[in-house]
Amino acid sequence: MNKVILMGRLTKDPEVRYTQTNNTLVATFSLAVNRRFTKAGEERQADFINIVAWNKTGEFCSKYFKKGQQVGIIGRIQTRNWEDENKVKHYITEVVAEEAYFADSKREGEFNANMENTFGSTISENSEFATSAEDDLPF
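Quick look at the structure, then. Just so we're clear, the structure is a prediction, and the values are computed from it rather than from any experiment.

Okay, the overall build of the protein chain next. Broken down by element type, the protein chain carries two helices and six strands. Listing every helix and strand of the protein chain by position from the N terminus yields β-β-β-β-α-β-β-α. Among the 139 residues that make up the protein chain, the fraction classed as buried is 25%. The contacts of the protein chain with a sequence gap of at least 6 include a subset with a gap of at least 24, amounting to 55%.

Shown next, in the form of structure tokens:
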């Protein structure tokens, strides 16, 4: 079985082109996908994964996905190779997107924007308003 599920942020806006043979739309972009674990004292690392989306999925991605946006992609891994004009062989591994989703929460963005307008900054877990399991609840 060849199935990939990714969630990450676009490193740039999707690029669109059309095939020469039958004028099929293809969108390409790269996702920065955070690794799950970090070593103590190190910054979180990310993998940069190339995504290819064809036809309607590619059209959707090119129309609605923008740099920095968090998205979900379901697809399959594809490897291919080719030889350039200098007879140098090139290899590439990419994910062919079969499904594409928004992963940013619009409501969360609206909430943070409203809180920023009201209080001047967003509430974080380090703020004085944050609660912990040890705090007594008022109800």
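Back to the write-up after that little detour.
You will see that Asn-23, though not glycine, has its phi angle at about 55 degrees, which is positive. In this structure, Lys-87 takes a positive phi of about 65 degrees despite not being glycine. Counting through the fold element by element, Lys-87 comes out in the loop between strand E5 (70-83) and strand E6 (89-102). Its relative accessible area of 63% is what places Lys-87 among the exposed residues.

On to the environment of Arg-35. Positionally, Arg-35 belongs in the loop between strand E3 (25-34) and strand E4 (46-54). Judged by relative accessible area, which is 37%, Arg-35 ranks as partly exposed. Arg-35 sits 12 residues away from Asp-47 along the chain, and the two C-alpha atoms are 7.0 Å apart. In this structure Arg-35 touches Arg-44, Gln-45, Ala-46 and Asp-47, once residues within four positions along its chain are discounted.

Reading guide: rules and limits
- Sequence order as written defines the numbering, with residues in each chain counted from 1.
- Only residues with pLDDT of at least 70 are given local features in this predicted model, and only at 80 or more are side-chain atom pairs given and counted; all residues enter the totals for whole chains, interfaces and linings.
- In computing side-chain properties, one takes all heavy atoms of the structure into account and sets aside hydrogens as well as water.
- Strands here are runs of E lasting at least two residues and helices are runs of H or I lasting at least four, both read from the DSSP assignment and numbered beginning at the N terminus.
- With a 1.4 Å probe rolled over the protein chains alone, any residue whose accessible area is under 20% of its type maximum counts as buried; one over 50% counts as exposed, and the rest are partly exposed.
- Throughout, a residue-residue contact means that at least one pair of heavy atoms, one from each residue, lies within 4.5 Å.

Functional significance is not addressed by these values, which are geometric in nature.
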